[in-house]
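# Structural features, examined
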There are 4 protein chains.
Amino acid sequence: MDFAPSERSRDLAARVRAFIDTEIEPAEQVIATDVAERRARGEDPWPAHPLVAELQGKARAQGLWNLFLPAGHEGPYAARFGTDGGTGLSNADYAPVAEEMGRSSLAPLIFNCNAPDTGNMEVLLKYGTPEQQAEWLEPLLDGRIRSAFLMTEPGVASSDATNMESTATIDGDEVVLNGRKWWSTGVGNPDCKVGIFMGVTDPEASRHSRHSMVLVPLDHPGVRIERMLSALGHYDEPIGHGEVTLTDVRLPVTNIIAGPGRAFEIAQGRLGPGRVHHCMRLIGLAERALELACERSTTRTAFGKPIANLGGNRERLAKARIAINQARLLVHHAAWKLDTEGSLGALSEVSEIKAVVPQMACDVIDMAIQLHGGAGMSEDFPLAAAYSGARSLRLADGPDEVHLGVVARILLHPYAEKASRS
Amino acid sequence: MDFAPSERSRDLAARVRAFIDTEIEPAEQVIATDVAERRARGEDPWPAHPLVAELQGKARAQGLWNLFLPAGHEGPYAARFGTDGGTGLSNADYAPVAEEMGRSSLAPLIFNCNAPDTGNMEVLLKYGTPEQQAEWLEPLLDGRIRSAFLMTEPGVASSDATNMESTATIDGDEVVLNGRKWWSTGVGNPDCKVGIFMGVTDPEASRHSRHSMVLVPLDHPGVRIERMLSALGHYDEPIGHGEVTLTDVRLPVTNIIAGPGRAFEIAQGRLGPGRVHHCMRLIGLAERALELACERSTTRTAFGKPIANLGGNRERLAKARIAINQARLLVHHAAWKLDTEGSLGALSEVSEIKAVVPQMACDVIDMAIQLHGGAGMSEDFPLAAAYSGARSLRLADGPDEVHLGVVARILLHPYAEKASRS
Amino acid sequence: MDFAPSERSRDLAARVRAFIDTEIEPAEQVIATDVAERRARGEDPWPAHPLVAELQGKARAQGLWNLFLPAGHEGPYAARFGTDGGTGLSNADYAPVAEEMGRSSLAPLIFNCNAPDTGNMEVLLKYGTPEQQAEWLEPLLDGRIRSAFLMTEPGVASSDATNMESTATIDGDEVVLNGRKWWSTGVGNPDCKVGIFMGVTDPEASRHSRHSMVLVPLDHPGVRIERMLSALGHYDEPIGHGEVTLTDVRLPVTNIIAGPGRAFEIAQGRLGPGRVHHCMRLIGLAERALELACERSTTRTAFGKPIANLGGNRERLAKARIAINQARLLVHHAAWKLDTEGSLGALSEVSEIKAVVPQMACDVIDMAIQLHGGAGMSEDFPLAAAYSGARSLRLADGPDEVHLGVVARILLHPYAEKASRS
Amino acid sequence: MDFAPSERSRDLAARVRAFIDTEIEPAEQVIATDVAERRARGEDPWPAHPLVAELQGKARAQGLWNLFLPAGHEGPYAARFGTDGGTGLSNADYAPVAEEMGRSSLAPLIFNCNAPDTGNMEVLLKYGTPEQQAEWLEPLLDGRIRSAFLMTEPGVASSDATNMESTATIDGDEVVLNGRKWWSTGVGNPDCKVGIFMGVTDPEASRHSRHSMVLVPLDHPGVRIERMLSALGHYDEPIGHGEVTLTDVRLPVTNIIAGPGRAFEIAQGRLGPGRVHHCMRLIGLAERALELACERSTTRTAFGKPIANLGGNRERLAKARIAINQARLLVHHAAWKLDTEGSLGALSEVSEIKAVVPQMACDVIDMAIQLHGGAGMSEDFPLAAAYSGARSLRLADGPDEVHLGVVARILLHPYAEKASRS
């Protein structure tokens, strides 16, 4: 048993953290103000801010780029992994790095490690043809374009992915996409050029072989971004979540990833690491909220005492300290399990963290908001946006309850087996 | 013991509810869309929408106007109370009426029962000179103008009101206001013409006799609305919360309410009913969230079942049902206690509801959001805005923790007395 | 709306309270010591203590006897109701009286208001033949004998009463009982002479018409008390819970109550008031725990302060204060609903209190234990026994989860109906 | 980062587990029945059962003996450490072994790893003179005698150890002990021959130098075991907790450990590992409760389904699974921190686990009880005793709240420092 991160992991985490502290945090406030002013002037708040590209360039120059790319990949792009000079990072090694990125809503984008691009790049790496990789993976790895993932639909309960109503109908050499998607993260960004669309190809096939994943250029005339959505009042510029309709979007069948009917198989692999990354980042977000809470509650006084010393505040801070520590360990353990036993061996572990980490982060952030008073609710602190982000992750990539269901199924399986035999 | 509301209360509640269902709910969507579009065009989203005045006229014509005005008032305005034809309502009678208003964020404004106008009108009724009443109370009772309450400050922990740094310095016949206030609800509305400002007049006086309340016309050149604040991402148009600076705002001393140094005494009376009204409305808000949750969870299916029947959802819905019922009873009981024993006799009861009802509402709304999936986070349902409103009330008018402190103080008082004697 | 109890209710509650304070509490300690010593000497701890009969006599002489008997009964025994001189009490009037009894584990027995006798007496009152009433109801009303209710079985999940495996087979003029029951409260008491047994008579009948209730004299040779059970380590002398086997217990068919197959119908009526009574008493128990917590935490010091002032203790005490108040109101409201709309009209309300009041009591008592330190776990304070009692009631008469299910069913019914129509 | 236990740790844990499954669990039931029968006959339930010595012999023969002894000890007894053939175990290595022991209330005694003997042996190892070691440590290491720790007092809040009122007065060559102690674990056992007593020697010394620890033979005529205490109704035979008075117990000053006034220094070291051991064992206890819950809920049915599939049960089971996993990781991490940074470096970590693991265990066991219905409350399952044990540990060795206070202090220290400088 050894809880210390590897030397390389520790080093990367420290460099990422230093970059965030010195470069990204100051930029965040500038960008936020610009977006707010653009909004106030009725201008499009979505164009990427020039500071973003500038910071991306700096990060890349320091080797802090594409660090999400997993160890063990053998393909033609392996050489681009671990741009700090090594190969790709194990999940356990990436965890402390991603945690630092989670402190800032902007940081993942700067390091080219943001969802949904990371998941999309992994799909293309693993399942893309050389042509698909050249067209889309290359520029994504370079950060020249961004991408979206078109899965969730407004018309059905998308927690059950088999409910999906969109279609990807094969017509000769072509595949025709129709449907309405929402919570398509990233489509608000003008650099977002491609989406991975999921739809029903063969409704007669078995439950998990009906759907296909299709690469869809977002400038196709049949693709329409209907509106950008707010989540608890936040639009999350410059990434954002959109509602998108696809009407008779005709594409070559070669745009299908890995062939028709394989969407569930791909999604399974795609969402696993994504869930782990989200949880890693939420640890950092919660940690930052706790830091703010500690700072505020020791520097403001009421009734003659620092706020920290009033009522149950110290207990709440201590419980937050413990909750984050427990959650971090659970995330690290899940990452290690993924590394040592693969996706199938870590099925319960991944659902365990997805079921508790977002809720933990919500609780810690909410406590921090309460200690900040009205300021915590306002845009003056990153807490309101952090809450919105953490709260969204209790739904995104499967609601808490679905993940608890997975954990229960795996837990009870041997008992149910035994009971059915007797 | 009789839990049935009075005939008059039941009748008013039913009429208010019908008005909301048929008139206000349809208007809400229209107004929300208009505000969003104005925002999108970079126009000022704050001007009052013409539908508001129209609905106010209808409500007033039906006697559904100023129903918050309390029974037992003897002054010259008593004749305008109970515009349904009777006298003012008791708190217990008002509770079911206010609950219905709480279902909609717009409704209180339509019935001229919205904070902070209600509290300000009560202050003017109780403490205003005839001149003050003629100038400000008259138009407020008519809904011709709106008002603000300038108390909370960004620079200090305002949960302890004695922290306040703004000043109301007396200089001969004049009082000079200086300071920075925020979370001044209502200042975004162009009809908002007057504020009640609280500031230090005599820093040498005893702790609760230092501050004065002063009527300040918001068009005074020294008053500047610095910005509108968002709360968890919501600006709460058309009311809104602002940050306001007052710089050498010189006013006649006759603008001081009830004389210098009496602000705490007035605030005590002002905030009591306000807290109760907030809690009454939150019951209605939570009830509406539960209705939405029930509807959504019985009409959407996942994994072959209505969502309501998955996992622990039925238990969560049942717990929400019970939590609302318990909270409603606690609010009704507090209202009855206020009616029968007055503010001092209901001190613990008012803090009890303020300490638990907003949290209860947050919990119920959060559960409803979760059952709605992504839709619950979006602007398509009133849940995100409801959450923001309920969450704000865990801070506004005293954070939960301060109210728990009051409850504990009253609970422990006899024991501490006894312990100190032995 | 009027939250004040009636004059009669207030008077009875005050007299019951005074009797408990002056007579019962001192006796409790004497009896507890005697039981402990008997146990220590290896003697039977179950014989009723002479103090019990003495106190019962005093209580009866003061009219504090059988107060549980419900208003509105018209039968031959109605004259014995309301032994304070009036008729039976409404549920709303009984609530504050029962609450006081709940402060002491012994008090209900002293006032002849203890479970399961109360429920059994109500069954006999409502469904008993004159012969059954003469034989069993008379002496129960007089407190000359006690009774048991034989329903729960060790072999099946008894939360689903249709699981029951015991049989009450009709054989000509006789009914033959077989089965194993447990948690049969009261059988440890030597005065316990009769049980109401529930078993399957016709396995082919419809689900709720299979079972019968049969009066079984406990001295029948086929009845065997196998052992007394502890609940969280407590035997709850002098009442106690037993495991009982019935082997070919042959009785006249006239021992069946209301005729074969009517057990569920009777149980429904029997358990309703029982549940409400339990909840009323738990309010008193929680209130007493809170009093002890306040007393202890203001009289002991640690780290230089009264314990009450350490960490989050004041908040915990305040939350307990609020939780009890909310629970009491919910119980009172359910009682009032039972009075005004009958059992069917109060179905949700009764399940609501049963689902939350025992848990609330557990939480308050647990908090009180924690504030007492080790003493709270010991027999020196009534808290450990109180916890055991409250915890048992999260299972007895239907586990929390079953009651939450009832609440959800009633809540969702109209929505499910509407959904099924569309 | 490596979450896998060492080979040796895994091997020992497996052997301990096998021993428990095959030898101890069957014996537990036999012993429990014997104790119950002795009690029922009024005989002393406390004499050690012959099976205990027999099992101890077997365990020792297999090298499963004194495994708690820490790595790194250099003294004359080091050779007896790690009786599996190696040296003492690191905390991280001991954790999985202790977890297995925690599954059974009897197991720690069988492996000579039970509290308070382990802590007492560590004190003697570290601070004992060769004479003290020969007299008391030798037979303790052999399991020939048992020991007690006399610290907590009934008269004061012992969460603040400086409250202690007992005295250890030096009178020439002698030390005279007076005082009343309780929750002295182990004194009920007839093999318990020695206690470590803590009392005030010099009331004028600085706060943490007033107290001494003194070895007191329990057969001294001035030592009187007043009674055995129950904790939530459980006496925890064959160990048990007693109330003990010491009246003018005169002993040679050589019985003082490490010299007068050093009690706090010793206690600090003594309680640290004890707290970690308790937490390690609670993980195993919670795990066993979860296993029982899974088994029961898949083999009993109600309303046509296995209980596991009703309402929120699967979610509760999943949450228990996650809670145990998080707690285990926190315990392992604290053990590793102790190993790598010593007691001072792991101060927060040890308090973190002590603050959350007992509560977690209570919650899991309570859930398991609820799924078992009445059976869970009874003596037929180990759950009621497990609950009592886990609940006691929310108080023993410092209540949760005190440990949260330590965590908060360490967390806030740098912020408070910074705040005080500005």
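Residues numbered from 1 in each chain as written. Chains lettered and ligands numbered in written order. Predicted model: local features only at pLDDT ≥ 70, side-chain atom pairs only at ≥ 80, totals over all residues.

### Observations concerning the pairing of strand 4 (residues 192-200) of chain B
Residue and element names in this part refer to chain B. With 8 of 9 residues buried, strand 4 is to be regarded as a mostly interior element. Where strand 1 (residues 146-150) lies against strand 4, 5 bridges are found, and the strand directions are parallel. Pairing of Arg146 across the sheet is with Cys192, part of strand 4. Pairing between strand 4 and strand 5 (residues 211-217): 7 bridges, direction antiparallel. The partner of Met198 across the bridge, within strand 5, is Met213. (Buried ≥ 20, exposed ≤ 12 C-beta atoms within 10 Å, placed from the backbone. Helix = DSSP H or I, 4+ residues; strand = E, 2+ residues; numbered from the N terminus. Pairing = 2+ DSSP bridges.)

### Some words on the interface of chain A and chain B
Taken together, the contacts link 43 residues of chain A with 43 residues of chain B. Counting residues per element, the ones that place at least two in the side of chain A that touches chain B are strand 3 (174-185), strand 8 (301-302), helix 10 (374-377), helix 11 (383-392) and helix 12 (400-421) of chain A. Ranked by the residues each element gives to the side of chain A that touches chain B, the list is headed by helix 11 of chain A, at 4 residues. Of the residues belonging to the side of chain A that touches chain B, the class tally is 19 nonpolar, 17 polar and 7 charged. (Contact = placed C-beta atoms within 7 Å. Nonpolar A, V, L, I, M, F, W, Y, C, P; charged D, E, K, R; others polar.)

### A short note on the packing of helix 12 (residues 400-421) of chain B against helix 7 (residues 263-299) of chain C
At their nearest, the axes of helix 12 of chain B and helix 7 of chain C sit 9 Å apart, and the two run at 45 degrees to each other. In terms of axis orientation, helix 12 of chain B runs oblique to helix 7 of chain C. Seen along the crossing, helix 12 of chain B lies across helix 7 of chain C with a hand that is right-handed. Two secondary-structure elements touch here, helix 12 of chain B through Leu411, Leu412, Tyr415, Ala416 and Ala419 of chain B and helix 7 of chain C through Cys294, Glu295, Thr298 and Thr299 of chain C. The class makeup of the residues in the contact of helix 12 of chain B with helix 7 of chain C is 6 nonpolar, 2 polar and 1 charged. (Axes fitted to C-alpha atoms, helices over the stretch in contact; angles between N-to-C directions. Parallel < 35°, antiparallel > 145°, perpendicular 65-115°, else oblique. Left-handed = near helix turned anticlockwise from the far one by under 90°.)

### What about the interface of chain D and chain A?
Contacts between the two partners involve 39 residues from chain D, matched on the other side by 39 residues from chain A. Considering each element in turn, the side of chain D that touches chain A owes the most residues, 14 residues, to helix 8 (residues 313-345) of chain D. When the residues that make up the side of chain D that touches chain A are grouped by side-chain class, the tally is 24 nonpolar, 7 polar and 8 charged.

### Brief notes about the relation of the copies chain A and chain B
Once chain A has been moved 0.0 Å along the axis and rotated by 180 degrees, it coincides with chain B to within an RMSD of 0.0 Å. Each copy turns onto its partner about a two-fold axis. Of every C-alpha in chain A, the one belonging to Gly42 of chain A sits nearest the axis of rotation, 1.5 Å from it. Mapped onto chain B, 100% of the interface residues of chain A again fall at the interface, so both copies present the same surface. (Least-squares fit on C-alpha atoms with pLDDT ≥ 70 in both.)

### Observations concerning helix 9 (residues 347-372) of chain B
All names here are of chain B. Look at helix 9: 38 Å from first C-alpha to last across 26 residues, which is about the 38 Å you get at 1.5 Å a residue. Burial runs high along helix 9: 23 of the 26 residues are buried. Gly373 lies just past helix 9 and shows a positive phi near 65 degrees. (Expected span 1.5 Å × (residues − 1).)

### Brief notes about the relation of the copies chain D and chain A
Mapping chain D onto chain A calls for a screw motion: a turn of 180 degrees about the axis and a shift of 0.0 Å along it, with 0.0 Å RMSD after fitting. Looking at the interface residues of chain D, 100% of them are also at the interface in chain A, so both copies use one shared face.

### Comments concerning the domain arrangement of chain A
Residue and element names in this part refer to chain A. By domain assignment, chain A separates into domain 1 (7-144), domain 2 (147-261) and domain 3 (264-421). For domain 1 versus domain 2, the distance between C-alpha centres works out to 23 Å. Taken together, the contact between domain 1 and domain 2 spans 21 residues of the former and 19 residues of the latter. Looking at the side of domain 1 that touches domain 2, the elements that each hand over two or more residues are helix 5 (117-127) and helix 6 (130-142). Per-element tally for the side of domain 1 that touches domain 2: the top contributor is helix 5, with 5 residues. Classifying every residue of the side of domain 1 that touches domain 2 by side-chain character gives 13 nonpolar, 6 polar and 2 charged. (Domains from an automatic or database assignment.)

### Comments concerning the UniProt feature "domain: Acyl-CoA dehydrogenase/oxidase C-terminal" (unreviewed entry) in chain A
Mapped onto the present numbering, the UniProt feature "domain: Acyl-CoA dehydrogenase/oxidase C-terminal" (unreviewed entry) falls on residues 264-411 of chain A. Across residues 264-411 of chain A, the secondary structure splits into 82% helix and 3% strand, with the terminal C-alpha atoms separated by 23 Å. (UniProt positions renumbered as here; feature names shortened; annotations may be inferred.)

### Remarks on helix 3 (residues 91-101) of chain C
All names here are of chain C. In terms of burial, helix 3 is a largely internal element, 11 of the 11 residues being buried. Those residues of helix 3 that sit buried are Asn91, Ala92, Asp93, Tyr94, Ala95, Pro96, Val97, Ala98, Glu99, Glu100 and Met101. In this structure, the buried residues of helix 3 make contact with helix 1 (7-40), helix 4 (107-110), helix 7 and helix 8 (313-345).

### Overview of the pairing of strand 2 (residues 167-171) of chain D
Pairing of strand 2 of chain D with strand 3 (residues 174-185) of chain D, which is carried by 5 bridges, proceeds in the antiparallel orientation. Within strand 3 of chain D, the residue paired with Thr169 of chain D across the bridge is Val176 of chain D.

### Quick notes on unusual backbone geometry
For the bond from Ala115 of chain C to Pro116 of chain C, the omega torsion is 0 degrees, close enough to zero to count as cis. Take Pro116 of chain C: it is sitting in the loop between helix 4 and helix 5 (117-127). A positive phi angle, near 45 degrees, is found at Leu232 of chain B, a position not held by glycine. Tracing the backbone shows Leu232 of chain B in the loop between strand 6 (223-229) and strand 7 (241-252). Located in the positive-phi region is Asn66 of chain C, a residue other than glycine, with phi close to 55 degrees. Secondary-structure assignment places Asn66 of chain C in the loop between helix 2 (50-61) and helix 3.

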